[in-house]
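# Structural features, examined
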Amino acid sequence: ENNQPLPWAPDINICPKDVIVVAGESNMGKSCFCMNMAIENMDKMPVTLWISEGSELKVARRLEGFKDKGLTYPDGTPKFEVLRLDKDPADCASLRPDSMNIFDWVNVIGDFWNISKVQEGISSALNKGIGVVAIQKKDGEALGRGAEFSRDFASLYLTMSKLTNFYFRMEIIKAKDYNNNNPNGKQFRFNIVDKGAHIYGMKEIETCKACHGKGTK
């Protein structure tokens, strides 16, 4: 198995002020993705993981699976910070404009189309930083809450859903800036291991008559 968490990542370019959206069905790996984004980027740029109320214990449990990654500097200072998402996401981003601001997760009450304004606000508040926004997706729907409005300001838009009883599915709905290999529309199957900490064994799904789209490349 290839244990590279996101094998498609080298094909995609992310720039300052960009917003990455991950729309996932309930319990399909959004928080795992957010944690892996923090870990994979903590040595490259400042990272702030904004979490919803009551998520502290879950975060602590997932961090146990990354002890081998060197989560602290020699003086014991954490390499990325975890803060409570207790205000508008744009206000949070304005406090860390040069950081990767990861929002796990953003809940829009009422008019779901307002998620577009939320993403625009995050992008406007950033300087050199990047926004990563996790949102809910209804089971079976192609896009997250807010439908096409949730896609408007995303430079990269991913969905996460159930594939089988053993695997999850990630689809690249929108990638605005990419290299030679166009990743748009590609789907990948993966698993989550180590108490919800690690994305493991991600492989591209190759549609065929024998497996009806559940085989792997």
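Residues numbered from 1 in each chain as written. Predicted model: local features only at pLDDT ≥ 70, side-chain atom pairs only at ≥ 80, totals over all residues. Heavy atoms only, no water.

## Regarding the overall build of the protein chain
For the protein chain, the helix and strand inventory stands at 4 helices and 9 strands. N-terminal to C-terminal, the α/β element order of the protein chain is β-α-β-α-β-α-β-α-β-β-β-β-β. The C-alpha atoms of the protein chain give 17 Å as radius of gyration, which agrees with the globular expectation for 217 residues (17 Å, within 12%). C-alpha atoms of the protein chain, sized along the principal axes, occupy 50 × 40 × 35 Å. Here the protein chain, with 217 residues, has 47% of them falling under the buried criterion. Long-range contacts, defined as pairs at least 24 residues apart, comprise 65% of the intrachain contacts of the protein chain with a sequence gap of at least 6. Carbon and sulfur atoms provide 48% of the accessible area of the protein chain, an area that totals close to 11,100 Å². Separation of charge centres in the protein chain, based on 29 positive and 28 negative side chains, amounts to 4 Å. (Helix = DSSP H or I, 4+ residues; strand = E, 2+ residues; numbered from the N terminus. Rg over C-alpha atoms; globule rule 2.2 N^0.38 Å. Buried < 20%, exposed > 50% of the residue type's maximum accessible area, 1.4 Å probe, protein only. Contact = heavy atoms within 4.5 Å. Areas by Shrake-Rupley, 256 points an atom, 1.4 Å probe, with all protein chains shown as cover. Lys, Arg positive; Asp, Glu negative; His and termini not counted. Charge placed at Lys NZ, Arg CZ, Asp CG, Glu CD.)

## Description of the pairing of strand β7 (residues 168–175)
Pairing geometry for strand β6 (residues 156–162) and β7, over 7 bridges, is antiparallel. Bridged to Met 160 within β7 is Met 170. In the sheet, β7 pairs with strand β8 (residues 187–193) via 4 bridges, with the strands oriented antiparallel. What sits directly across from Met 170, in β8, is Phe 188. (Pairing = 2+ DSSP bridges.)

## What about the nonpolar core?
Trp 8, Phe 33, Phe 80, Ile 102 and Met 170 are the most contacted members of the largest nonpolar core, which totals 40 residues. With 7 residues, the top contributor of residues to this core is helix α1 (residues 30–41). Ignoring anything within four residues of it in the chain, the contact list for Phe 80 reads Met 35, Ala 38, Ile 39, Met 42, Val 47, Leu 49, Leu 63 and Leu 71. In terms of nonpolar packing, the next biggest core, distinct from the first, is built from 20 residues, Val 108, Ile 122, Leu 143 and Ala 154 among them. (Core = buried A, V, L, I, M, F, W, Y, C linked by side-chain atoms within 4.5 Å.)

## Looking at the sheet that holds β7
What the 9 strands build is an open sheet, ordered β3-β2-β4-β5-β1-β6-β7-β8-β9; its pairing is mixed. Pairing within the sheet leaves two strands with one partner each, and these edge strands are β3 (81–84) and β9 (198–204). On average, each strand axis in the sheet is tilted by 25° relative to the strand beside it, whichever way the strands run. Sheet analysis places strand β2 (residues 47–51) next to β3, joined by 4 bridges and oriented parallel. By the bridge assignment, Ile 51 is partnered in β3 with Arg 84. Along the sheet, α1 makes contact with β1 (19–24), β2, β4 (100–104), β5 (130–136), β6, β7, β8 and β9, crossing β4 at roughly 165°. (Axes fitted to C-alpha atoms, helices over the stretch in contact; angles between N-to-C directions.)

## Concerning the state of the cysteines
In total, this model carries 0 disulfides according to the counting rule given. Just so you know, Cys 32 is unpaired, no disulfide at all, and the nearest cysteine sulfur is the one on Cys 34, 9.3 Å from it. (Disulfide = S-S within 2.5 Å.)

## Quick look at the side chain of Asp 104
Position of Asp 104 relative to the elements: it lies in strand β4. There is a polar contact of 2.8 Å between the side chain of Asp 104 and the side chain of Ser 31. Ignoring sequence-local partners within four residues, the contact set of Asp 104 consists of Ser 31, Cys 34, Leu 49, Trp 50, Ile 51, Ser 52 and Ala 134. (Polar contact = N/O pair within 3.5 Å; in protein donor to acceptor, adjacent residues only side chain to side chain.)

## Some details on the environment of Glu 171
Take Glu 171: it is sitting in strand β7. Distance from Glu 171 to Gly 144, taken between C-alpha atoms, is 12 Å for residues 27 residues apart in sequence. For Glu 171, the residues in contact, after removing those within four places along its chain, are Tyr 157, Leu 158, Thr 159, Gly 185, Lys 186 and Gln 187.

## Brief notes about unusual backbone geometry
Trans is the prevailing form of peptide bonds, just as negative phi is the prevailing case for residues other than glycine. That bond from Asp 104 to Trp 105 is cis: its omega, 0°, falls within 30 degrees of zero. If you check the backbone angles, Lys 17 has positive phi at about 75° while not being a glycine. Here Lys 17 shows up in the segment before β1. You can call Lys 17 partly exposed: its relative accessible area is 32%. With a phi angle near 60°, Asp 194 is a residue other than glycine that sits in the positive phi range. When you line up the elements, Asp 194 lands in the loop between β8 and β9.

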